[in-house]
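Chain residues, written in single-letter form:
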Amino acid sequence: TEICAGQTVTFTDTSTNIPAGWTWTFEGGTPTTSTDQNPVITYNTPGTYDVTLVAANYNGTDTIVATDHITVYAYPLITSTTPASRCDSGIVTLQATTNVGTVNWYDASTGGNLVATGTSFTTPSLTSTITYYVEALNGVCSSARSAVVATVNTTPTITSTTPATRCGTGSVILQATASAGSTIWYSAPTGGTPLATTNSFTTPSISATTTYYVEASTGSCTSTRTAVIATVNSVPTITSTTPASRCDSGSVTLQATA
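Please read these numbers as outputs of a predicted model, since none were measured by experiment.

Thresholds applied
Residues numbered from 1 in each chain as written. Predicted model: local features only at pLDDT ≥ 70, side-chain atom pairs only at ≥ 80, totals over all residues. Heavy atoms only, no water. Salt bridge = Lys/Arg side-chain N within 4 Å of Asp/Glu carboxyl O. Helix = DSSP H or I, 4+ residues; strand = E, 2+ residues; numbered from the N terminus. Buried < 20%, exposed > 50% of the residue type's maximum accessible area, 1.4 Å probe, protein only. Contact = heavy atoms within 4.5 Å. Polar contact = N/O pair within 3.5 Å; in protein donor to acceptor, adjacent residues only side chain to side chain. Pairing = 2+ DSSP bridges. Axes fitted to C-alpha atoms, helices over the stretch in contact; angles between N-to-C directions. Disulfide = S-S within 2.5 Å.

**What about the pattern of salt bridges?**
Applying the stated criterion across every chain, the model contains two salt bridges. A salt bridge links Arg 225 to Glu 215; the shortest N-O distance between them is 3.0 Å. With Arg 225 in the loop between strand E23 (221-222) and strand E24 (226-233) and Glu 215 in strand E22 (residues 210-218), the pair connects residues that are 10 residues apart, well separated along the chain.

See the structure below:
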């Protein structure tokens with residue numbers, strides 16, 4: 001017989017001839033002895049134990065001694081789980097640990113299909129968030145299943161941008177819209193320190209046309225950066241003028257250069 005620690009077992013003498021008396025000895029059991037025909041014994045400590053039955057006056061004269069054994073398994077538990085997430089479709093690796101035994105992964109909370117065995121499970125390629133279930137198995141003893149989520153997040157995108165222009169030195173206001181999450185502004189196409197985390201970004205004072213970059217971010221999923229130009233046009237000046245004069249009424253021609 002195989003049982004889980006803490007369970008009870010009923011033993012039965014199935015002799016064809018009924019003995020005059022029984023003496024049972026249960027190694028590792030509680031109680032350790034019994035004279036009942038059908039004793040009920042509890043086993044709390046994992047291990048393999050002998051069970052001995054002495055049937056007195058079997059067939060009226062003989063004393064029969066029968067020995068068997070019972071195996072008691074520690075009750076397994078899932079002690080920790082580690083979910084995982086990714087951006088867009090692909091695989092993720094889920095983790096689980098147990099106090100004893102093996103770890104089995106399933107695609108349903110009960111029944112279902114066994115999809116993997118071991119503390120680490122790499123999923124097939126996923127296109128959406130899926131919940132898997134993990135249980136610990138030790139001999140004939142299994143734990144309750146624990147849910148472990150494989151999350152698939154969609155990477156956001158920058159759906160629109162609005163550049164800006166000004167005359168001469170000063171600041172401009174650039175705009176951007178994200179499909180989801182936050183809009184984050186940078187001064188470089190990769191790396192760098194965020195300048196702002198808003199849809200609307202007021203630049204510092206700039207004296208020349210400058211390109212800024214904006215990305216969309218949701219959790220760990222970040223889009224590629226999109227360039228947004230802050231244009232600075234030089235204010236024109238009149239560099240020279242030529243007046244004119246005439247005698248008496250009439251027209252004159254004035255000159256100017258920009």
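Having put the structure on the table, let's press on.
**Topic: unusual backbone geometry**
Apart from glycine, the bulk of residues carry a negative phi angle, and the bulk of peptide bonds sit in the trans form. Residue Pro 31 follows Thr 30 across a cis peptide bond; omega there is 0°. Position of Pro 31 relative to the elements: it lies in the loop between strand E3 (21-26) and strand E4 (33-34). Positive phi outside glycine occurs at Asp 88, with the angle close to 65°. Structurally, Asp 88 can be placed in the loop between strand E9 (84-87) and strand E10 (93-98). Taking relative accessible area as the criterion, Asp 88 reaches 34% and is therefore assigned partly exposed. Phi is positive for Asp 248, close to 65°, though the residue is something other than glycine. Tracing the sequence through the fold places Asp 248 in the loop between strand E25 (240-242) and strand E26 (255-257). When its relative accessible area of 72% is taken as the criterion, Asp 248 is described as exposed.

**Let's talk about the environment of Asn 99**
Secondary-structure assignment places Asn 99 in the loop between E10 and strand E11 (102-106). Asn 99 sits 25 residues away from Ala 74 along the chain, and the two C-alpha atoms are 9.1 Å apart. Setting aside anything within four residues of it in sequence, one finds Asn 99 in contact with Tyr 75, Pro 76, Leu 77 and Thr 79. A distance of 2.7 Å separates a polar atom in the side chain of Asn 99 from the backbone nitrogen of Leu 77. Within the local environment of Asn 99, its side chain forms a polar contact with the side chain of Thr 98, the two groups lying 3.4 Å apart.

**A look at the sheet that holds strand E19 (residues 173-178)**
Across the sheet, three strands lie side by side as E17-E19-E21; this open sheet has antiparallel pairing. Two strands bound the open sheet, and with one partner strand each, they are strand E17 (158-162) and strand E21 (200-202). Each adjacent strand pair in this sheet contributes to an overall mean axis angle of 20°, direction not counted. As paired strands, E17 and E19 are joined by four bridges and run antiparallel to one another. In the sheet register, Ser 160 faces E19, and the bridge partner there is Thr 177.

**A word on the sheet that holds strand E13 (residues 120-122)**
If you walk across this open sheet you meet the three strands as E8-E10-E13, and the pairing is antiparallel. Whereas interior strands pair on both sides, the edge strands pair on one side only; in this sheet they are strand E8 (78-82) and E13. Here the strands of the sheet are splayed against their neighbours by 20° on average, with no regard to which way each runs. Direction of pairing for E10 relative to E13: antiparallel, over a ladder of three bridges. Within E13, the position partnered with Gln 95 by the bridge is Ser 120.

**Examining the pairing of E22**
Bridge count for strand E20 (residues 182-186) against E22 is five bridges, and the pairing is antiparallel. Looking across to E22, one finds that Tyr 186 is bridged to Tyr 213. Pairing geometry for E22 and E24, over five bridges, is antiparallel. When the bridges of E24 are listed, Thr 210 appears paired with Ala 230. Direction of pairing for E22 relative to E23: antiparallel, over a ladder of two bridges. From the neighbouring strand, Ser 217 faces E23, where its bridge partner is Thr 222.

**What to know about the state of the cysteines**
Tallying each qualifying case throughout the model produces two disulfides. Between the sulfur atoms of Cys 87 and its disulfide partner Cys 221 the distance amounts to 2.1 Å. Across the S-S bond linking Cys 87 and Cys 221, the dihedral sits near -105°, which makes this disulfide left-handed. One end of the pair, Cys 87, is in strand E9; the other, Cys 221, is in strand E23, and 134 residues separate them in sequence. Residue Cys 87 is classed as partly exposed on the basis of its relative accessible area of 24%.

**Details of the environment of Leu 195**
For Leu 195, the position within the fold is in the loop between E20 and E21. By relative accessible area, Leu 195 is classed as partly exposed at 42%. Taking the C-alpha atoms as reference points, Leu 195 and Ile 184, separated by 11 residues in sequence, lie 7.4 Å from one another. When residues no more than four places from it in sequence are discounted, the contact partners of Leu 195 are Trp 185, Tyr 186, Ser 187, Phe 201 and Tyr 212.

Worth remembering: the numbers are spatial, not functional.
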